[in-house]
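Inside the fold
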Amino acid sequence: MSNRREFLRNASIFTVGGLLTGRIGHAATKQPIVAEPQAKKKIGLQIYSLFRELDADIPGGLKKLAQYGYSTIELAGYAPDGKLHGVTLPEFKKMSDDAGLKIVSSHLNPPVREYTKENLQQIKDFWKTATDHHAAIGVPYLVQPGQPPTRSIEEAQFIGEVFTEAGKITKAGGISFGYHNHDGEFARVIAGGEGPLVGRRGAPNSQIIWDIYEKSTDPAYVLFELDVYWIIMGGQDPVDYLKRYPQRIKLLHIKDKEVLGESGILNFENIFKQAYKNGVIQDWFVELEGQKSRPTQFEGVKACADYLLKASFVK
Ligand code: MG
């Protein structure tokens, strides 16, 4: 049976909001609750989630994120002129610092569609410039979120080799290179193929593109950021991939169809459990793409933070 002290301790866990609004404040005044030190959860946001709304007031918007409970961000929208959301990277960093947000990563794609031997130098030049810009503000990760067309096993292998070249360039500037998936990476290709094959079984001797990228990249230079929603759209299980590639997946996109936990498609508890078990994932980012269930992107992003702050399985 709980004694009074235990009751109050438990009450403080479940009703911090209640205490603040005074609903059970009178109980607290009779016997002060000793706050137990509780580490703040490190919750990150991919700022693409706010692509329609952030520009109206970047400093104010970033401060809102900190109030919602976010402490890290992953950028999106970098252009080779060194700007993002219309401001320079150092200006954006200053605004993030002022809000108490740490920039951990940045999403960016080389300005080419196909990856070929002919445009390899252009791709390398892009990564060199991007590395210089991001190293100047101390960003630890650069992540490519766009998939070059991949029609065959050979093309997938070549793209993996280009990722390794990109990783060598970023690493020379002190930055880790990562690749982020959507659903297309879980289609299958065959040797000499002319296009990805969609469907569970594919064809004899077909391979999943993501698996070829994994095998064709040098782990010393390339990590993977697993988008746990898009892999499901590609017909694969995020927990299965976390188990199969425990050392290669070092970042996560925590994403649902819309607000986290509301579609019922994802088992976030199992995903977080496996991620902690792997032990190499230091950073993960909420991503909100659809938000029809909330009037604004900011409200959707806040609802995602609320879900994770409440979730006992998130450390
Ligand atoms: Mg994503």
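Residues numbered from 1 in each chain as written. Predicted model: local features only at pLDDT ≥ 70, side-chain atom pairs only at ≥ 80, totals over all residues. Heavy atoms only, no water.

**A closer look at the overall build of the chain**
- Within the chain, the secondary structure is distributed over 12 helices and 12 strands.
- Expressed as a percentage of its 315 residues, the buried residues of the chain come to 50%.
- Of the contacts formed within the chain by residues at least 6 apart in sequence, a portion of 75% connects residues at least 24 apart. (Helix = DSSP H or I, 4+ residues; strand = E, 2+ residues; numbered from the N terminus. Buried < 20%, exposed > 50% of the residue type's maximum accessible area, 1.4 Å probe, protein only. Contact = heavy atoms within 4.5 Å.)

**Observations concerning the packing of helix α7 (residues 153–172) against helix α8 (residues 209–216)**
- The interhelical angle for the contact between α7 and α8, taken along N-to-C directions, is 45°, at an axis separation of 8 Å. When the interaxial angle is binned, α7 and α8 end up oblique. Note that α7 runs across α8; the crossing there is right-handed. Between α7 and α8, the contacting residues are Ile 153, Ala 156, Gln 157, Ile 159, Gly 160, Glu 161, Phe 163 and Thr 164 on the first element and Ile 212, Tyr 213 and Ser 216 on the second. (Axes fitted to C-alpha atoms, helices over the stretch in contact; angles between N-to-C directions. Parallel < 35°, antiparallel > 145°, perpendicular 65-115°, else oblique. Left-handed = near helix turned anticlockwise from the far one by under 90°.)

**Here's the deal with the environment of Tyr 78**
- Mapped onto the fold, Tyr 78 is located in the loop between β2 (70–76) and β3 (83–84).
- The class of Tyr 78 is buried, set by a relative accessible area of 9%.
- Separated by 10 residues in sequence, Tyr 78 and Thr 88 place their C-alpha atoms 9.3 Å apart.
- Tyr 78 has contacts with Lys 83, Leu 84, Leu 89, Ser 106, His 107, Leu 108, Phe 126, Thr 129, Ala 130, His 133 and His 134, leaving out every residue within four places of it along the chain.
- Within the structure, the side chain of Tyr 78 is placed 2.8 Å from the side chain of His 133, a separation counted as a polar contact. (Polar contact = N/O pair within 3.5 Å; in protein donor to acceptor, adjacent residues only side chain to side chain.)

**Concerning the coordination of the magnesium ion**
- Distances from the magnesium ion to its protein donors, His 180 (NE2), Asp 227 (OD), His 253 (ND1) and Glu 287 (OE), fall within 2.0 to 2.2 Å.
- Mapped onto the polypeptide sequence, the residues donating to the magnesium ion form the spacing pattern H-x46-D-x25-H-x33-E. One end of the pair, His 180, is in strand β7 (residues 176–180); the other, Glu 287, is in strand β12 (residues 283–287), and 107 residues separate them in sequence.
- On the accessibility criterion, Glu 287 (5% relative accessible area) is buried. (Donors = N, O, S within 2.8 Å, 3.2 Å for Na, K, Ca; no water.)

**What about the nonpolar core?**
- Membership of the largest hydrophobic core comes to 85 residues, with the highest contact counts inside it found for Leu 65, Tyr 70, Ile 73, Phe 92, Ile 249 and Leu 252.
- Here the element with the most residues in this core is α7; it accounts for eight residues.
- Not counting chain neighbours up to four residues away, the residues in contact with Phe 92 comprise Ile 47, Leu 54, Ile 58, Leu 62, Ile 73, Leu 75, Leu 84, His 85, Val 87 and Ile 103.
- Counting residues in hydrophobic clusters, the runner-up holds six residues, among them Val 104, Tyr 141, Leu 223 and Phe 285. (Core = buried A, V, L, I, M, F, W, Y, C linked by side-chain atoms within 4.5 Å.)

**Structural notes on the side chain of Thr 217**
- Structurally, Thr 217 is set in the loop between α8 and β10 (222–227).
- When its relative accessible area of 5% is taken as the criterion, Thr 217 is described as buried.
- Within the local environment of Thr 217, its side chain forms a polar contact with the backbone oxygen of Tyr 213, the two atoms lying 2.8 Å apart.
- There is a polar contact of 3.1 Å between the side chain of Thr 217 and the backbone oxygen of Glu 214.
- Ignoring any residue separated from it by four or fewer positions in sequence, one finds Thr 217 in contact with Gly 160, Phe 163, Thr 164, Val 222, Phe 224 and Arg 248.

**What to know about the packing of aromatic side chains**
- Scanning the model with the defined rule gives 21 aromatic pairs in all.
- With a centroid separation of 5.9 Å and an interplanar angle of 65°, the aromatic rings of Phe 268 and Tyr 307 are classed as edge-to-face. A residue pair is termed long-range when its members are at least 10 positions apart, and Phe 268 in helix α11 (residues 268–278) and Tyr 307 in helix α12 (residues 297–310) qualify at 39 residues.
- Judged by its relative accessible area of 2%, Phe 268 falls in the buried class.
- Taken together, a centroid distance of 6.5 Å and an interplanar angle of 65° make the contact between Tyr 307 and Phe 313 edge-to-face.
- The class for Phe 313 is buried, based on a relative accessible area of 18%. (Phe/Tyr/Trp six-rings, centres within 6.5 Å; stacked < 30°, edge-to-face > 60°.)

**Structural notes on the environment of Lys 277**
- Of note, Lys 277 is situated in helix α11.
- Note: C-alpha distance between Lys 277 and Pro 246 (31 residues apart in sequence) is 8.9 Å.

**Observations regarding the packing of helix α4 (residues 58–68) against helix α5 (residues 89–99)**
- Running from N to C, α4 and α5 point in directions that differ by 40°, and their axes come no closer than 8 Å. With respect to each other, α4 and α5 are oriented oblique. For the pair α4 and α5, the crossing hand works out as right-handed. Contact residues: α4 offers Ile 58, Pro 59, Leu 62, Lys 63 and Ala 66, while α5 offers Phe 92, Met 95, Ser 96, Asp 98 and Ala 99.

**Quick notes on the confidence of the model for the chain**
- With 86% of its residues at a pLDDT of 70 or more, the chain has an overall mean of 89.
- Across residues 1–33, where pLDDT falls below 50, the model places 21 contacts with residues more than four positions away in sequence or in other chains. (pLDDT = per-residue confidence, 0-100.)

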